[in-house]
Amino acid sequence: IYTTRAMRRLKPDPIPPGVLRAIMEAAVRAPSGGNSQGWSFIVVQDAGLKTELARLYKPLIEALFQPGGPYHGPLNSQDPTVAAETQRLARSALHLGEHMHEAPAIVIACLRTGGRPTNLISGSSIYPAVQNLMLAARAFGVGSTLTTLHGLRGDEVRKLLGIPPEVETAAVIPIGYPRGRWGVGPRRPLAEVVYGDRWQQPLAGA
């Protein structure tokens, strides 16, 4: 759990079929609302399809750091700490944009919505499965990262992969053996984010 973090620099080395199947078996062990199991997963390994997914994704990730994007300000912040941290994020994210197609597999996590609009709550029936997938991948030494930017071009993703309109593409998860080392990511202390009984009331012992 502590070392399951976003791994965006991945080797092209193939993942053995047995390992890939075990990772997906873990994903579908997650809970879902009413045990509806409305999820589906497309494991994209075809080189042409991966290239097309990367083509759709690359300009979306680049836009985050360009003028008007949410990270452009922090990237050029006068605070050297903020700027340095955002530059580190930019290098990692832009690397994924350039090399996503090299990942041995890209998993598309889907959720059948029955035509209903999706919202934050509807994700409760798919994101536990995504977390299971990422934790299982880590157990096998396989890195992963969760991204949802593809949603800005969701119709094109559906068309590319033959996904029907009533199915929401909830996440794109490139997976592969990482180029870097596993480590514990920096996190804010519990005292800043966990409260007891009421908002911003300290939790005893946190």
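Caption draft 1: Molecular detail of the layout of surface pockets. Of the volumes computed, that of the largest pocket is approximately 510 Å³. What lines the largest pocket is a set of 16 residues, among which R5, A6, R8, R88 and S92 lie closest to the centre. When its residues are assigned to classes, the lining of the largest pocket shows four nonpolar, three polar and nine charged. Of the voids in this model, the second largest pocket is the one considered here, and its volume is about 320 Å³. Forming the walls of the second largest pocket are 19 residues, and the residues nearest its centre are A6, R8, T145, L146 and T147. Here the lining of the second largest pocket takes three residues from helix α4 (residues 80-99), the largest share from any one element. Looking at the lining of the second largest pocket, its residues break down into 12 nonpolar, five polar and two charged.

Caption draft 2: Molecular detail of unusual backbone geometry. With phi around 50 degrees, Q37 is a residue other than glycine that occupies positive phi space. Inspection of the secondary structure puts Q37 in the loop between α1 (17-27) and β1 (39-44). Looking at Q37, the relative accessible area reads 37%, which means it is partly exposed. One non-glycine residue with positive phi stands out, namely D197, at about 70 degrees.

Caption draft 3: Examining the packing of helix α2 (residues 47-63) against α4 more closely. Remark: α2 packs on α4, axes separated minimally by 8 Å, with the N-to-C direction vectors making an angle of 160 degrees. Regarding the angle of α2 to α4, the classification is roughly antiparallel. In this structure, α2 meets α4 at a crossing whose hand is left-handed. The residues of α4 that touch α2, namely those facing Y57, K58, I61 and E62, are A93, L94, L96, G97 and E98. Among the residues forming the contact of α2 with α4, the class breakdown is five nonpolar, one polar and three charged.

Caption draft 4: Region of the structure containing the nonpolar core. Ranked by internal contacts, the top residues of the largest apolar core, which has 24 residues, are F41, I126, L133, I173 and I175. Mapped onto this core, the elements with two or more residues apiece are α1, β1, β2 (105-112), α5 (127-139) and β4 (167-176). With sequence-adjacent residues up to four places away left out, L133 is seen in contact with I23, M24, A27, V107, I173 and I175.

The rules behind these values
Each chain carries its own residue numbering, running from 1 in the written order of its sequence. Local features are withheld for residues below a pLDDT of 70 in this predicted model, meaning they are given only at 70 or higher, and side-chain atom pairs are given and counted only at 80 or more; totals for whole chains, interfaces and linings count all residues. The basis for every side-chain value is the complete set of heavy atoms in the structure, and neither hydrogens nor water enter the calculation. The distinction between a cavity and a pocket rests on a 1 Å grid over the protein atoms alone: a 1.4 Å probe fits inside a cavity but cannot get out, while a pocket stays open yet meets protein on both sides within 12 Å along at least five of seven lines, and a residue with an atom within 4 Å of a point counts as lining. Grid points are joined across faces, edges and corners, and a volume is the space filled by probe spheres set on the points. Residues are grouped as follows: Ala, Val, Leu, Ile, Met, Phe, Trp, Tyr, Cys and Pro are nonpolar; Asp, Glu, Lys and Arg are charged; every other residue, Gly included, is polar. Comment: elements are numbered from the N terminus, with helices defined as DSSP H or I runs of at least four residues and strands as E runs of at least two. Each residue is assigned to one of three classes by its accessible area relative to the maximum for its type, calculated with a 1.4 Å probe on protein chains only: buried under 20%, partly exposed between the two thresholds, exposed over 50%. Fitted lines through C-alpha atoms give the axes, limited to the stretch in contact for helices. The angle between two N-to-C directions lies from 0 to 180 degrees. Note on angle classes: values under 35 degrees are labelled roughly parallel, values over 145 roughly antiparallel, values of 65 to 115 roughly perpendicular, and the remainder oblique. In this scheme the crossing of two helices becomes right-handed for a clockwise turn of the near helix relative to the far one and left-handed for an anticlockwise turn of less than a right angle. Contacts are assigned to residue pairs that have any heavy atoms within 4.5 Å of one another. The set of buried Ala, Val, Leu, Ile, Met, Phe, Trp, Tyr and Cys residues whose side-chain atoms join them within 4.5 Å is what this entry labels a nonpolar core.

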